[in-house]
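Spelled out from the first residue to the last, the chains are:
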Amino acid sequence: MEKVLELKGITKRFPGLVANDNISFDALRGEVHALVGENGAGKSTLMKIITGLYQPDEGEMFLKGEKVKINGPRDAIAKGIGMVHQHFMLINRFNVVQNIILGYENSPGGVIDFDKAKKKVEELCELYDFKLDLNAQVGDLSVGHQQRVEILKVLYRGAEILILDEPTAVLTPQEVKELFVNLRKLKQEGKTILFISHKLDEVLEISDRITVLRRGKVIGTVKASETSKKQLAEMMVGRPVLFRLEKPIVKTGDVILEVRNLKVKGSIDRHQLNNLSLSIRAGEIYGIAGVEGNGQRELVEAIMGLLPYDGGEILIKGKSNKGLDTRAIRETGVGYIPEDRHQRGLVLPMTVWENMVLGLERKPEYSRWWKLFRDKIKSLTSKKVEEFDIRLGSIELAIRNLSGGNQQKVILARELSYEPDLIIAAQPVRGLDIGAIEFVHKKLIEARNNGKAVLLISADLEEVLSLSDRVGIMYNGEIVKEFVPGELELEEIGQYMLGAHKEVGVG
Amino acid sequence: MGDIMEMLASALRMTIPVLITALGAIFSERSGVTNIGLEGMMMTGAFWGAYGALHYGPVGGFLLAIAMGMLVALIHAVVTVTYRVDQIVSGVAINILAYGLARFFSIALFGMATTSPSVEGLPKIDIPVLKNISVLKPIATDISPIIILGILLVFVTYWVLEKTVFGLRLKAVGENPLAADTLGVKVIPYRYIGVIISGAFAGLAGAYLSIEHTHMYVEGMTQGKGFIALAAMIFGNWMPYGSFWASFLFGFAEAISMRVVQSKVVPYQFIKMIPYVLTLLVLAGVVRKAQPPASVGIPYSREGD
Amino acid sequence: MNKRFKIILLQLLTPIVAILFAVVLSSVLIVAIGKSPIEVYQTMIEFSLGRADSVGAILFNATPLIFSGLAVALSFKVGLFNIGVEGQYFIGAFFAAFVGFTFTGLPAFIHLPLAILAAMVGGVLWAFVPIYLKVRRGVHEVISTIMLNYIAYSLIHYLIADLFMDRNQKVPEGLGSPLIRTPHFAESALMPKLHGFLSFFGIDLPNYVYLNWFFVIGLLLAVGMYYLLWHTPFGYEIRAVGSNPKASEAAGISPNKIYFKGFLLSGAIAGLIGLSHLLSFYGYMDLDFPKNFGFNGIAVALMGNNNPFGIVLAALLFGFLNRGAEGVQTFMGVPMETIVIMQGIIILSVVVAANILGRYVKRLEKKEA
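Residues numbered from 1 in each chain as written. Chains lettered and ligands numbered in written order. Predicted model: local features only at pLDDT ≥ 70, side-chain atom pairs only at ≥ 80, totals over all residues. Heavy atoms only, no water.

Q: Can you walk me through the overall build of chain C in this structure?
A: Along its length, chain C carries 15 helices and 0 strands. Its C-alpha atoms give chain C a radius of gyration of 22 Å, within 12% of the compact-globule value 21 Å for 369 residues. Each principal axis of the C-alpha atoms in chain C carries an extent, and together these give about 75 × 55 × 40 Å. Classification of the 369 residues of chain C by burial places 59% in the buried group. (Helix = DSSP H or I, 4+ residues; strand = E, 2+ residues; numbered from the N terminus. Rg over C-alpha atoms; globule rule 2.2 N^0.38 Å. Buried < 20%, exposed > 50% of the residue type's maximum accessible area, 1.4 Å probe, protein only.)

Q: Teacher, can you tell me more about the interface of chain B and chain A here?
A: It is common to give the size of an interface as the accessible area that goes away when the parts come together. Residue-level contacts link 21 residues of chain B with 20 residues of chain A. At the surface where chain B touches chain A, the tally comes to 2 salt bridges. Here A:Arg93 and B:Glu175 are joined by a salt bridge, their closest N and O atoms 3.8 Å apart. Applying the counting rule to chain B against chain A returns 7 residue pairs in polar contact (both at pLDDT 80 or more). Of all elements in the fold, only helix 5 (145–163), helix 6 (165–175) and helix 7 (177–182) of chain B reach the threshold of two or more residues within the side of chain B that touches chain A. Here the element with the most residues in the side of chain B that touches chain A is helix 6 of chain B; it accounts for 6 residues. (Contact = heavy atoms within 4.5 Å. Salt bridge = Lys/Arg side-chain N within 4 Å of Asp/Glu carboxyl O. Polar contact = N/O pair within 3.5 Å; in protein donor to acceptor, adjacent residues only side chain to side chain.)

Q: Even after reading the chapter, I still don't get the UniProt feature "transmembrane region" (unreviewed entry) in chain C, so can you show me in this structure?
A: Residues and elements named next belong to chain C. Taking the numbering used here, the UniProt-annotated feature "transmembrane region" (unreviewed entry) corresponds to residues 12–34, 54–76, 88–110, 116–135, 147–165, 210–229, 263–285 and 340–361. As annotated, residues 12–34 comprises 91% helix and 0% strand, and the C-alpha atoms at either end are separated by 34 Å. Helix makes up 100% of residues 340–361 and strand 0%, whereas the separation of the span's terminal C-alpha atoms amounts to 31 Å. (UniProt positions renumbered as here; feature names shortened; annotations may be inferred.)

Q: Can you help me understand the side chain of B:Thr44 in this one?
A: All names here are of chain B. Inspection of the secondary structure assignment puts threonine 44 in helix 2 (residues 38–82). According to the relative accessible area criterion, threonine 44 is buried, its value standing at 7%. The residues contacting threonine 44, other than those within four sequence positions of it, are Met68, Val72 and Ala98.

Q: Just to check I follow, could you spell out the packing of aromatic side chains for this structure?
A: Per the counting criterion, the structure on display carries 46 aromatic pairs over all chains. Relative to A:Trp370, the ring of A:Trp369 lies with its centre 6.1 Å away and its plane at 80 degrees, an arrangement referred to as edge-to-face. In this structure A:Trp370 comes out as partly exposed when scored by relative accessible area, which is 45%. With a centroid separation of 4.8 Å and an interplanar angle of 75 degrees, the aromatic rings of B:Phe270 and C:Tyr158 are classed as edge-to-face. One end of the pair, B:Phe270, is in helix 11 (residues 268–272); the other, C:Tyr158, is in helix 6 (residues 141–163), on a second chain. Overall, C:Tyr158 belongs to the buried group, its relative accessible area being 16%. C:Lys291 extends its terminal NZ or CZ atom over the ring of C:Tyr153, reaching a point 4.2 Å from the ring centre. (Phe/Tyr/Trp six-rings, centres within 6.5 Å; stacked < 30°, edge-to-face > 60°. Lys NZ or Arg CZ within 6 Å of the ring centre and 35° of its normal.)

Q: Is there a simple way to explain the sheet that holds strand 1 (residues 3–14) of chain A in this structure?
A: Across a sheet, paired strands are connected by hydrogen bonds in the backbone, their directions being either parallel or antiparallel. All names here are of chain A. Across the sheet, which stays open at both edges, the 4 strands sit in the order 2-1-4-5 with antiparallel pairing between neighbours. Since the sheet does not close on itself, it has two edges, and those belong to strand 2 (17–28) and strand 5 (66–68), each with one partner. The sheet shows a mean angle of 25 degrees between the axes of neighbouring strands, direction not considered. Both strand 1 and strand 4 (residues 58–63) contribute to a ladder of 5 bridges, which runs antiparallel. Across the sheet, leucine 7 pairs through a bridge with methionine 61, a residue of strand 4. Packing of helix 1 (residues 43–50) onto the sheet brings it into contact with strand 1, strand 2 and strand 4, and relative to strand 1 it is tilted by some 120 degrees. (Pairing = 2+ DSSP bridges. Axes fitted to C-alpha atoms, helices over the stretch in contact; angles between N-to-C directions.)

Q: Just checking my understanding: could you explain the domain arrangement of chain A for this structure?
A: All names here are of chain A. Taken domain by domain, chain A comprises domain 1 (3–237) and domain 2 (253–333 + 421–426 + 455–507). When each unit is reduced to the centre of its C-alpha atoms, the spacing between domain 1 and domain 2 is 33 Å. Residue-level contacts link 8 residues of domain 1 with 8 residues of domain 2. Taken together, the links from domain 1 to domain 2 amount to 0 residue pairs in polar contact (both at pLDDT 80 or more). Contributions of two or more residues to the side of domain 1 that touches domain 2 are made by helix 7 (200–206) and helix 8 (229–237). Classifying every residue of the side of domain 1 that touches domain 2 gives 3 nonpolar, no polar and 5 charged. (Domains from an automatic or database assignment. Nonpolar A, V, L, I, M, F, W, Y, C, P; charged D, E, K, R; others polar.)

Q: Can you walk me through helix 4 (residues 85–102) of chain C in this structure?
A: Given 3.6 residues per helical turn, the α-helix brings residues three or four places apart onto the same face. For helix 4 of chain C, spanning 18 residues, the distance from its first C-alpha to its last is 25 Å, which sits close to the expected 26 Å at 1.5 Å a residue. The buried fraction of helix 4 of chain C is high, at 15 of 18 residues. (Expected span 1.5 Å × (residues − 1).)

Q: I would appreciate a short explanation of the side chain of C:Thr63 in the present structure.
A: Here C:Thr63 is to be found in helix 3 (residues 52–77). Setting aside its immediate chain neighbours within four residues, C:Thr63 contacts C:Phe214, C:Phe215 and C:Ser276.

Q: Help me out: how do you make sense of the pattern of salt bridges in this one?
A: Residue and element names in this part refer to chain C. Tallying each qualifying case throughout the model produces 49 salt bridges over all chains. The closest approach of N and O atoms between glutamate 141 and lysine 134, which form a salt bridge, is 3.2 Å. According to the relative accessible area criterion, glutamate 141 is buried, its value standing at 3%. You can call lysine 134 partly exposed: its relative accessible area is 24%.

Q: Any chance you could explain the sheet that holds strand 6 (residues 81–84) of chain A here in plain terms?
A: All names here are of chain A. With mixed pairing, 6 strands are arranged side by side in an open sheet as 6-7-8-3-9-10. The open sheet is flanked by strand 6 and strand 10 (217–223), the only strands paired with a single partner. Between one strand and the next, the sheet's axes are offset by a mean angle of 20 degrees, whatever the strand orientation. Looking at chain direction, strand 3 (residues 32–36) and strand 9 (residues 209–214) are connected through 4 bridges and run parallel. Residue pairing across strands places valine 36 opposite valine 212, the latter belonging to strand 9. Against the sheet, helix 5 (residues 143–156) engages strand 6 and strand 7 (161–165), with an angle of about 170 degrees to strand 6.

Q: Any chance you could explain the confidence of the model for chain C here in plain terms?
A: Residues shown with low pLDDT carry predicted positions that ought not to be read at fine detail. On average, residues of chain C carry a pLDDT of 89, and 97% of them reach 70 or more. For this predicted complex, the interface score ipTM comes out at 0.87, while the overall pTM is 0.84. (pLDDT = per-residue confidence, 0-100.)

Q: What's the story with the interface of chain B and chain C in this structure? I'm lost.
A: Between chain B and chain C, the residue contacts involve 44 residues of the former and 40 residues of the latter. Together chain B and chain C conceal approximately 3,700 Å² of surface at their shared face, both sides included; 81% is due to carbon and sulfur atoms. Area buried by chain B at its contact with chain C is led by B:Ile96, B:Phe104 and B:Leu280, which between them contribute 17% of it. Across the chain B-chain C interface, the total number found is 0 salt bridges. Linking chain B with chain C are 3 residue pairs in polar contact (both at pLDDT 80 or more), by the criterion used here. Only helix 2, helix 3 (87–110), helix 9 (225–235), helix 11 and helix 12 (274–283) of chain B provide two or more residues apiece to the side of chain B that touches chain C. Sorting elements by how many residues they give to the side of chain B that touches chain C places helix 3 of chain B first, with 15 residues. Here the side of chain B that touches chain C is composed, by residue class, of 30 nonpolar, 7 polar and 7 charged. (Buried area = accessible area lost by both parts, 1.4 Å probe.)

Q: Mind showing me how you'd approach the nonpolar core here?
A: Across soluble globular proteins, nonpolar side chains have a tendency to be buried as a group. By size, the foremost hydrophobic cluster in this structure holds 322 residues, and its most contacted members are C:Ile83, C:Leu278 and C:Met285. Tallying contributions element by element places helix 2 of chain B first for this core, with 16 residues. Residue contributions to this core reach at least three from each of two domains, namely domain 1 (3–237) and domain 2 (253–333 + 421–426 + 455–507) of chain A. Once you skip the residues sitting within four places of it in the chain, C:Met285 turns out to touch C:Phe90, C:Ala93, C:Phe94, C:Ala97, C:Ile156, C:Ile160, C:Arg181, C:Thr182, C:Phe185 and C:Leu278. Counting residues in each nonpolar core, the second largest holds 33 residues, with A:Ile256, A:Ile314, A:Val334 and A:Leu455 among its members. (Core = buried A, V, L, I, M, F, W, Y, C linked by side-chain atoms within 4.5 Å.)

Q: Sorry, what's going on with the pairing of strand 7 of chain A here?
A: Along a regular strand, successive side chains alternate from one face of the sheet to the other. Residues and elements named next belong to chain A. Judged by how many residues are buried, strand 7 sits mostly within the fold: 5 of 5 residues are covered. The side-chain alternation of strand 7 yields two buried faces, one formed by Ile161, Ile163 and Asp165 and the other by Leu162 and Leu164. Taken together, the 4 bridges between strand 6 and strand 7 define a ladder with parallel strand orientation. When the bridges of strand 7 are listed, methionine 83 appears paired with isoleucine 163. Here 5 bridges tie strand 7 to strand 8 (residues 192–197), and the two strands are oriented parallel to one another. From the neighbouring strand, isoleucine 163 faces strand 8, where its bridge partner is leucine 194.

Set out below in structure tokens:
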């Protein structure tokens, strides 16, 4: 088969980092070619090079055998390379046709012939078996249908090569199936698909060949029919997966957090919770595994009093948190590491020392109503900076100037400073470098060893399995399975995460 | 009946300046830029319209007013789109600036701070066919061509927004600039054009007040109409037809308020509040849900800072 | 450390550059009407700073702007935009006026504080509507306050012209109709002038200068606000919510509560804006009661970088410009409006300069970290 796209020796360097190191691979006509690798393996840099957002420092790119230089997304699409973004680039108030033709209206005289455009989109839908209500406002469509609009957008522009960036991250299993049907049809019609993912099951199911990246390098390209999940996982992480962190055996104590039959009604921007139950004891890390967007955020926010719930109860050290505001809940002894540092965790323009007491400013150690004890807070901050090894120029600096790892350490220092009995850690190491990740993990285990209860939510299954004493798998707003790491095979876990299995009455 | 038609005719005259400005505001807001400098732009239009009419005739006055409105709008665009300064702050400054400039030039050019000499308006016209129906006489005969133009602009605005490439892209930029940008729609120029159109419309509306309505420039003659236009646009849900009905409602309220000054049944100050109170109710969702463009008021930059 | 110094220097430089830019642009206008800018500015400075009465007038001019600058800045700090300061001070002024002309025979130490309190209540009431709509119904405060400003204008017009108009005025024969204004306030509601106090220091202000103790109250308020923002937990919460409401919420600070308290406090300060004029210079409220202090407060707040002391300086600058404008109008025939134009240009150039500077400072800080 014809090589539609070929990369030879692509290298891209950033200060202090080689994001792509001598990368070569090719994709054929009518092929689904998966690119897999952990976060930071260089997948997204590579995509940006292919779509022209970055220019490589070295290396060459060929389209149908011809050497090309891509000067940006518009140039890429003109040359037949279309990108389907993970975060949809859609205009909710526009209908499907308007979204698809935007920027590519093909209207001499500046007047749009919507009927003609619609007909063209209809033809595309027919050709590729896309079912879609073209008159609907995109904001009213399901996520799966919105993704179809994104795909149609690049097809409408005549793309031969489609790049799909983590396309299944936001989909339900049913929607994933439908997507795969669509992708197979596209393949049949001779399109080439670059499928970026770190979900190995899906990759194995849909791809013809798989290229594995690790730390900016191509580790190898394998045929999907000739490999296994285990082999891929080892290629990805460079060692046999599922190593264990040093964790002494700790005798667990009282139940600290108890969630019983928690119910939250779903809406556009919130996933429902369905009779969710779990309990965590002192001296225990309870990990939540599951595909992101299955209600994890809602669970955390309900515990923290940030989201009112419609049924069930949440008991913290035996007391219901109903009717308590977030401050009161924290004061019962809950530390909270929010999933999004910049949005939820820090006030970026404020100084490091001010961030160190965010939400704690009313504590008698730090203030009376008429006075903030600035000196006290500053000396506390200096102490914490040392204790947590936070690298900074001065505690008077705005915290936005710190690196992600150091920012996260400030949050950790703050949340652990008042010796909470329960720690809610949502995606605590997202976007951090290896050193910072280890530090955060160490601190969480330390807390557990000291008899704290920890609720860990992470999209990274490996992290959950290695840190947790018990794991609950969350799917569609429920804990569908609870287990102790080691009890279940990865495959089985994956099936629970995708809703293939369901056990009733856990938790 | 004749009385009602007189009333309608008067309401229509009050509607036009608000309507035209509101239509302009649609272009600016739908592109993602809030323009509370409309008042200042109208004031600018009123002043330069009178000046232009005095020296070059009414058509010259209108053209000059439109040009000056665009110029003031250009300042707003530079400050808010290029320098990404808060759009409200810039709007407030534009209003202060426009007020000062109008007074300054009034003294420099007319020798009086607050009024101009009287100026000639455009020739009045009759609407063919309608003028022969006797009931419609008050609204079909002897009317300013700008009234006709204003009503035509409603349809033009609708057509541009809904049927043209320009309209589609302008709205896209106001809803989701990042998405538009990734599809190759250049955000900055569309926002500039949106703002400048709003300046042109506000200038035209201001000139209507001085050239057509009172035949002279009087300081403060816009009387908050720029803000009422903003209210009309919100009340009209950022749509041309909706803005027309809202403007008409407000124009009607004003026409009534002028009648009841003598009657004393309801203090006319309360009737003057109608547009503002209605807008508050709309915004509060008492009347219905307001749907502003998703990205209005948010400056755009690729780096996202 | 060197860079820190550079950053502070640049921050001080921003308003100066903006003023210079405004001076240059205004010069163009002055040249256009055939005057010499240098002479105009010279006259301005000599007239405003060379005479005791001018200095008094500058401080008197600056007084309402200090209050309105502080009111606007406080709302900025909490992350909201109180354009309604304009309407709030109108309502506040009327409340004070009402207390002023309704009560008689009260001792001054009760009557005057009561009038001041009433003004604050008025401001709070008028600020309550938009903040309620914002927190409960998600209505953007800018649009609602714009509407409320106009409602306030009409309402006050009605109250002065219809409901509370002074109908016992003695109109000299043949001099037409009575003035549209409220009754005069009782003497006990008026704020004493600063003249007596200043004469201790050998400064004698003529009687036609109305500089009064509200100026001192304004200065104290600036100090108080500085303390509030940077030295109290409430101020800390205001700044935290103003910069990142979502993070504040997650940490246990309820943004809605802070919005409410902060905005109402801003309204209370706004209520005081007109009092320096109302309770000394006027002694009654009429239809010519000065408008636009609220809008000018936005300029003052921006110019002063939302810092209370910066606001005092900015208010003094604007007071100086206004006084100077009177001078150049009287002595050189240059329209006062040049100064209004200058104010507009100053706002625009301050915000643009601050924006450019802000990006530069971020880069510098990044390097330091």
